[in-house]
Amino acid sequence: MTTFRAVVVWRVLLAAVAVAIAWGSLLPSEDLPGNLLLSDTLLHLLGYLVLGALAVLSRFSWPWALGIVITFGLALEVAQGMGGSRMFQWSDLAADALGALAGVLLTARIVREVDARRADRDRQQKRQTRRERRDRQRNPAPKRAMNPVKAAARRGAPTWQQVAQRQGGKCWLCGTRTYEQDRARDAAGREALGATFPCVDFVVAVESGGTYEDANVRLAHRHCAAARRANPSLTQFGRPRRTYS
Ligand SMILES: [Zn+2]
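The next point concerns the nonpolar core. In this structure, Leu51, Ala55, Val56 and Val69 are the most contacted members of the largest nonpolar core, which totals 21 residues. Breaking this core down by element, the ones donating at least two residues are helix H1 (4-26), helix H2 (40-57), helix H3 (62-82) and helix H4 (90-138). In terms of residues, this core owes the most to one element, H2, which gives 10 residues. With sequence-adjacent residues up to four places away left out, Ala55 is seen in contact with Leu14, Phe60, Ala65, Ile68, Val69 and Val104. Among the nonpolar cores identified, the runner-up in size contains 9 residues, and Val163, Val217, Cys224 and Ala225 belong to it.

Glancing now at H1. At 3.6 residues per turn, the α-helix brings residues three or four places apart onto the same side. With 23 residues, H1 should reach 33 Å at 1.5 Å per residue; the first-to-last C-alpha distance of 33 Å fits that figure. Listed as buried for H1 are Leu14, Ile21 and Ser25.

With domains assigned, the protein is organised as domain 1 (4-138) and domain 2 (148-230). Taking only C-alpha atoms into account, the centre of domain 1 sits 92 Å from that of domain 2.

Turning our eyes to something else, we now look at the packing of H2 against H3. The contact between H2 and H3 brings their axes to 9 Å, and the two run at 145°. The handedness of the crossing between H2 and H3 comes out as right-handed. Touching Tyr48, Leu51, Gly52, Ala55 and Val56 of H2 are Trp62, Ala65, Leu66, Ile68, Val69 and Gly73, all from H3. By residue class, the composition of the contact of H2 with H3 is 9 nonpolar, 2 polar and no charged.

Parameters at a glance
Residues numbered from 1 in each chain as written. Predicted model: local features only at pLDDT ≥ 70, side-chain atom pairs only at ≥ 80, totals over all residues. Core = buried A, V, L, I, M, F, W, Y, C linked by C-beta atoms within 7 Å. Buried ≥ 20, exposed ≤ 12 C-beta atoms within 10 Å, placed from the backbone. Helix = DSSP H or I, 4+ residues; strand = E, 2+ residues; numbered from the N terminus. Contact = placed C-beta atoms within 7 Å. Expected span 1.5 Å × (residues − 1). Domains from an automatic or database assignment. Axes fitted to C-alpha atoms, helices over the stretch in contact; angles between N-to-C directions. Left-handed = near helix turned anticlockwise from the far one by under 90°. Nonpolar A, V, L, I, M, F, W, Y, C, P; charged D, E, K, R; others polar.

Okay, structure coming up:
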């Protein structure tokens, strides 16, 4: 009812009904269409009730709506008084005023009620939106913990130093310590690593779908890890001997 388009529609209707009433009022009485079943007074009452209602729906304040409609009725009666076949009738004017009053007051009441409810709903909606926004600000959606496999993949393959730091320096297969001194350089300056030098071993081999997660990563002697790779069913690992000393 409050939208611009609705108001335009109501005003067009108001004008149309006003024209129809003026047309009906100013025609010579013999020319009125058909034999009207309703009495003249009742017609006045109904016509001006509708007119008053439409004036309020067209967003005139109720005193204005009432004033305009009654003035309109008065003008028509005066015109009838000046014209030929019809005349000014106080009873018609009274019916106009009564109809207008009823239409205006009833409709104004309904419009006020509807407006109040709509405003109430808007207020509640705004409050709700504000509350939701505040809640979102207070507790933003928790960042989802990254999948540990993905996180490990992103970190990349751990170095033996990292694994040794986390798990200690012992080989997980034979249970004895690893030696990072077990290495040497050959004549060409290339480094050679010995059997007891530490390396990273995977519980489930990476080739078989093993991940870089801590749970899958172990420190081992190069010798022990190689022995396990060569024979995965091996369960006993002897302590290897240092290659370089
Ligand atoms: Zn070992």
